[in-house]
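Residue-level structural notes
Here are the chains, one letter per residue:
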Amino acid sequence: MAAVARDESSKTTRVLGVILVKVDQASATVLSLAVAPEYRRKGVAGALLDRALGLARAQGVERACLSFVSRMPQVAALKALLRSAGWSEPTPRTLFAETAPQQVLQQAWAQRVLDRGPRNATAFDWSDLTPEDRAYVEAEIAGGHYPQDVSPFWDEGNIAPVSLGLRAADGCVVGWLACHFVPQTPGTLRFSRSFCHAASAFSGNGAWIMATGLDRHVNSGLHQSHPTVLFDVDCRNRVMMNVYRRRIEPYIDTSYQSFLVVKDLC
Ligand SMILES: CC(C)(COP(=O)(O)OP(=O)(O)OC[C@H]1O[C@@H](n2cnc3c(N)ncnc32)[C@H](O)[C@@H]1OP(=O)(O)O)[C@@H](O)C(=O)NCCC(=O)NCCS
């Protein structure tokens with residue numbers, strides 16, 4: 001669904017702003033909202049939001065959401081707009097951080113965990129995932145035992161061959177690092193979806209899987225054409241955030257975060 005704000009007072013109609021909203025049953029996602037710079041602070045965005053969300057509500061939509069990243073130039077304006085329009089406070093969702101992979105890989109912790117190996121699990125190349133493994137992970141996600149947001153089955157068309165999984169002694173998949181090519185950023189390999197089972201038997205595997213992904217990246221034929229790694233950590237994944245803060249953050253060149261805001265329409 002889209003709405004456009006126009007100024008029809010002059011001879012030529014001018015577009016002042018647009019909003020694009022995706023409606024999916026009971027929820028609506030604001031995909032884009034922009035107002036021409038010369039028409040800002042005149043209530044245009046507020047009116048566009050009211051219009052689009054009013055239409056969505058009439059279709060039975062109960063909840064609206066919008067995500068944005070902290071490095072957007074107009075982030076302060078957007079936050080102020082959403083606050084004034086009664087949206088929730090922004091919740092951190094994903095942390096993005098870029099650097100040269102060898103900058104992290106050369107750290108003592110990375111070498112230590114690589115020497116030690118994974119705990120109570122063995123690694124496998126993600127291309128060796130069996131249909132049974134896939135069914136197991138999908139069932140764990142559907143049952144709420146593994147988080148949906150770090151599903152390794154996201155964007156499978158762009159998956160990079162450095163991706164790997166971890167298997168416990170009973171054969172179950174207990175971790176993964178899914179890496180992706182980023183078509184918009186050709187020299188970058190994105191460490192997009194990582195997960196390690198939180199049971200104490202597997203503690204330390206979050207650090208191991210990161211270090212192993214970096215090692216595979218640096219020692220693969222892809223490193224020359226893709227010299228940058230983009231880490232992508234779900235802010236709600238406590239294990240991976242701890243790994244990131246302690247082990248990776250000090251060696252990062254640039255970082256930014258995505259946030260989610262929501263509004264109940266009922
Ligand atoms: C964010 C954006 C859409 C706001 O559009 P806008 O038409 O200027 O917003 P409105 O005039 O409807 O603002 C409504 C309220 O939001 C707040 N607000 C908006 N812009 C603000 C700013 N720059 N500083 C502080 N408060 C601001 C104010 O409370 C304002 O009410 P007020 O003017 O009576 O004080 C606009 O700045 C924009 O297009 N930015 C670039 C694109 C973008 O960032 N889009 C969001 C990605 S989805």
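The written sequence of each chain sets the order in which its residues are numbered from 1. pLDDT decides what is reported in this predicted model: residues at 70 or higher carry local features, side-chain atom pairs at 80 or more are listed and counted, and totals for whole chains, interfaces and linings draw on all residues regardless. The side-chain figures draw on all heavy atoms in the structure; neither hydrogens nor water molecules are used.

Here's the deal with the overall build of the chain
For the record, the criterion: Going along the chain from the N terminus, every DSSP run of H or I of four or more residues is numbered as a helix, and every run of E of two or more is numbered as a strand. Only protein chains enter the accessibility calculation, which uses a 1.4 Å probe. A residue is then buried if its area is under 20% of the maximum for its type, exposed if over 50%, and partly exposed in between. Contacts are assigned to residue pairs that have any heavy atoms within 4.5 Å of one another. Accessible surface is estimated by sampling points in the Shrake-Rupley manner with a 1.4 Å probe; for residues, cover comes only from the protein chains shown. As used throughout, the charge tally considers Lys and Arg to be positive and Asp and Glu to be negative, leaving His and the chain termini uncounted. Every charge is mapped onto a representative atom, which is NZ of Lys, CZ of Arg, CG of Asp or CD of Glu.
Looking only at helices and strands, the chain features 8 helices and 11 strands. The proportion of buried residues among the 266 residues of the chain is 45%. Here the analysis covers contacts within the chain between residues at least 6 apart in sequence; of these, 67% occur between residues at least 24 apart. On the chain, roughly 13,700 Å² of surface is accessible, and the fraction owed to carbon and sulfur atoms is 50%. Between the averaged position of the 28 positive side-chain charges in the chain and that of its 25 negative side-chain charges there is a distance of 9 Å.

Focus on the domain arrangement of the chain
The cut-off we apply is this: The split of the chain into domains comes from an automatic or database domain assignment. A simple way to read buried area is as the amount of 1.4 Å-probe accessible surface that goes missing from two parts once joined, with both sides added. Throughout this description, the term salt bridge denotes a Lys or Arg side-chain nitrogen within 4 Å of a carboxyl oxygen of Asp or Glu.
Here the domain parsing of the chain yields domain 1 (2-93) and domain 2 (95-257). Using only C-alpha atoms to locate each centre, domain 1 and domain 2 end up separated by 35 Å. With 6 residues of domain 1 at the interface, the matching set in domain 2 holds 9 residues. Counting each side, the surface lost to burial between domain 1 and domain 2 is near 610 Å², with a carbon and sulfur contribution of 46%. When the area that domain 1 buries against domain 2 is broken down by residue, the three leading residues are Arg-71, Pro-92 and Arg-93, summing to 71%. Across the domain 1-domain 2 interface, the total number found is 1 salt bridge. Notably, a salt bridge pairs Asp-149 with Arg-93, separated by 3.0 Å at the nearest N-O pair. Secondary structure elements with two or more residues in the side of domain 1 that touches domain 2: strand S4 (63-69) and strand S5 (91-99).

What about the sheet that holds strand S9 (residues 188-196)?
The line we're drawing: When DSSP finds at least two bridges between two strands, those strands are taken to pair. Every axis in this analysis is a line fitted to C-alpha atoms, fitted for helices over the stretch in contact. Angles between the N-to-C directions lie between 0 and 180 degrees.
Strand order in the open sheet formed by 11 strands is S1-S2-S3-S4-S11-S5-S10-S9-S8-S7-S6, with mixed pairing between adjacent strands. Both outer strands of the open sheet, strand S1 (2-7) and strand S6 (121-125), are each paired with one neighbouring strand and no more. Neighbouring strand axes in the sheet, compared pairwise and without regard to direction, differ in orientation by 20 degrees on average. The sheet contacts of helix H1 (residues 44-58) involve S1, strand S2 (14-24), strand S3 (27-35) and S4, and relative to S2 the element is tilted by about 35 degrees. The strands touched by helix H2 (residues 75-84) are S3, S4 and strand S11 (254-264); relative to S4, the strand with the most contacts, the crossing angle is about 160 degrees.

Section: the site of the ligand
Formally: Note on terminology: near, applied to a residue and a molecule or strand, indicates that one of the residue's heavy atoms is within 4 Å of it. For this analysis, a polar contact is any N or O atom pair within 3.5 Å, provided that within protein one partner can donate a hydrogen and the other can accept it, and provided that sequence-adjacent residues contribute only side-chain to side-chain pairs. Just so you know the grouping, Ala, Val, Leu, Ile, Met, Phe, Trp, Tyr, Cys and Pro go in nonpolar, Asp, Glu, Lys and Arg go in charged, and all remaining residues, Gly too, go in polar.
The environment of the ligand is made up of 17 residues, and the closest members are Leu-33, Val-35, Arg-41, Gly-43 and Gly-46. The backbone of Val-35 places a nitrogen or oxygen atom 2.8 Å from an oxygen atom of the ligand. A total of 930 Å² of accessible area belongs to the ligand in isolation, and the protein chains cover 72% of it. Of all the elements in the fold, those that place two or more residues in the shell around the ligand are S3, H1 and H2. No other element matches H2, which puts 5 residues into the shell around the ligand. Residues of the shell around the ligand, tallied by class, amount to 10 nonpolar, 4 polar and 3 charged.

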